[in-house]
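Per-entry structural report
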Amino acid sequence: MIATLEFRAIAPAVLRELREKDDAGFARQPFTDPEGGAPLRCCLRRSSAGERIVLVSYAPLRRWAAEMDADPGPYDECGPVFIHATDCAGPASRTAYPAEIHGARRVLRAYDARGHILGGTLLEIPGDRASEVDAALRDVFADPTVALVHVRAVEFGCFMVEVRREQRHGERQADG
């Protein structure tokens, strides 16, 4: 039986750090999104027209590895993500795939407890069928060596959301 999955936006403390200096070492400038539609990794929804957002460099595996005392080595990478320019309420749910930021082509990139890539699963699922991503994630997490999955956009390689097995209170992520 597969554990319940947890969909993780970028944590509020990390967001505060990224707004000051991103993971590439730069202070990025917020801007007003004139049209809306940017996939926000702070609240796992798309921006609305007129919202203040910022595009920052983010290294999700590096952040996870520091939390887990792992060393992803050359698998560490840094890429662009949109976040709100100021604190927001965060995601509406941590237990459901964020269908609002789904795109037709996504890759589920699986990592082991060391932070090393185990493989990837290409998904070509239209937005109106985003609920089908759950079954693909269950298949990936059926492998007990999978510690986490990053959902990424295929065209740009952007990190979209981190998925982990839901942890019981006081439990640390398994080592594999």
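Residues numbered from 1 in each chain as written. Predicted model: local features only at pLDDT ≥ 70, side-chain atom pairs only at ≥ 80, totals over all residues. Heavy atoms only, no water.

Among the secondary structure elements, D23 is positioned in the loop between helix 1 (12-20) and strand 2 (31-32). Note on D23: relative accessible area 15%, which makes it buried. At 2.6 Å, the side chain of D23 forms a polar contact with the side chain of R63. Those residues in contact with D23 that sit more than four places away from it in its chain are L18, S57, Y58, A59, R62, R63 and C78. (Helix = DSSP H or I, 4+ residues; strand = E, 2+ residues; numbered from the N terminus. Buried < 20%, exposed > 50% of the residue type's maximum accessible area, 1.4 Å probe, protein only. Polar contact = N/O pair within 3.5 Å; in protein donor to acceptor, adjacent residues only side chain to side chain. Contact = heavy atoms within 4.5 Å.)

Attention shifts here to helix 3 (residues 133-141). Three or four residues apart is the spacing at which side chains of an α-helix point the same way, because the helix has 3.6 residues per turn. Within the span of helix 3, buried status applies to V133, A136, L137, V140 and F141. Looking down the long axis of helix 3, one finds its buried residues gathered within 130° of arc, a one-sided arrangement. The elements touched by buried residues of helix 3 are strand 1 (5-8), strand 7 (105-111), strand 8 (117-124), strand 9 (148-153) and strand 10 (159-165). (Arc of directions from axis to C-beta.)

Moving on, we come to the pairing of strand 1. Burial of the side chains of strand 1 extends over both faces: L5 and F7 are buried on one face and E6 and R8 on the other. In this sheet, strand 10 lies alongside strand 1 in antiparallel orientation, the contact comprising four bridges. Bridge pairing in strand 10 links L5 to R165. (Pairing = 2+ DSSP bridges.)

Below, the discussion takes up the pattern of salt bridges. This model, assessed by the stated rule, comprises 16 salt bridges. For E6, the salt bridge identified is with R8, shortest N-O distance 3.2 Å. Accessibility classification places E6 together with R8 in one group, the buried group. The residue R19 makes a salt bridge to D87 at a minimum N-O spacing of 3.1 Å. Of the two residues, R19 sits in helix 1 while D87 sits in the loop between strand 6 (79-84) and strand 7, which places them 68 residues apart along the sequence. One continuous salt-bridge network, built from bridges that share partners, spans E6, R8 and R94. (Salt bridge = Lys/Arg side-chain N within 4 Å of Asp/Glu carboxyl O.)

With that settled, the discussion passes to the packing of aromatic side chains. Here the structure, examined in full by the defined rule, presents two aromatic pairs. Residues F7 and Y97 carry aromatic rings whose centres are separated by 6.1 Å and whose planes lie at 75° to one another, so their mutual orientation is edge-to-face. One end of the pair, F7, is in strand 1; the other, Y97, is in the loop between strand 6 and strand 7, with 90 residues separating them in the sequence. On the basis of relative accessible area, Y97 is assigned to the buried category, the value being 10%. (Phe/Tyr/Trp six-rings, centres within 6.5 Å; stacked < 30°, edge-to-face > 60°.)

A few words on the sheet that holds strand 8. Read from one edge of the open sheet, five strands run 1-10-9-7-8, paired in antiparallel fashion. Both outer strands of the open sheet, strand 1 and strand 8, are each paired with one neighbouring strand and no more. The sheet shows a mean angle of 25° between the axes of neighbouring strands, direction not considered. As defined by bridge partners, strand 9 adjoins strand 10 across five bridges and the pair is classed as antiparallel. The partner of L148 across the bridge, within strand 10, is R164. Across the sheet, helix 2 (residues 60-68) touches strand 1, strand 7, strand 9 and strand 10, and the angle it forms with strand 10 is around 30°. Packed on one face of the sheet, helix 3 meets strand 1, strand 7, strand 8, strand 9 and strand 10 and runs near 110° to strand 1. (Axes fitted to C-alpha atoms, helices over the stretch in contact; angles between N-to-C directions.)

This part is about the side chain of D33. With respect to the element layout, D33 can be found in the loop between strand 2 and strand 3 (39-40). Buried charge without a partner: D33 forms no salt bridge, and the closest opposite charge is R45, 8.3 Å away. Engagement of the side chain of D33 in a polar contact is seen with the backbone nitrogen of E35, the distance being 3.4 Å. In this structure the side chain of D33 is engaged in a polar contact, spanning 3.0 Å, whose partner is the backbone nitrogen of G36. With sequence-adjacent residues up to four places away left out, D33 is seen in contact with A38, S47, S48, A49, G50, E51 and I53. (Lys, Arg positive; Asp, Glu negative; His and termini not counted.)

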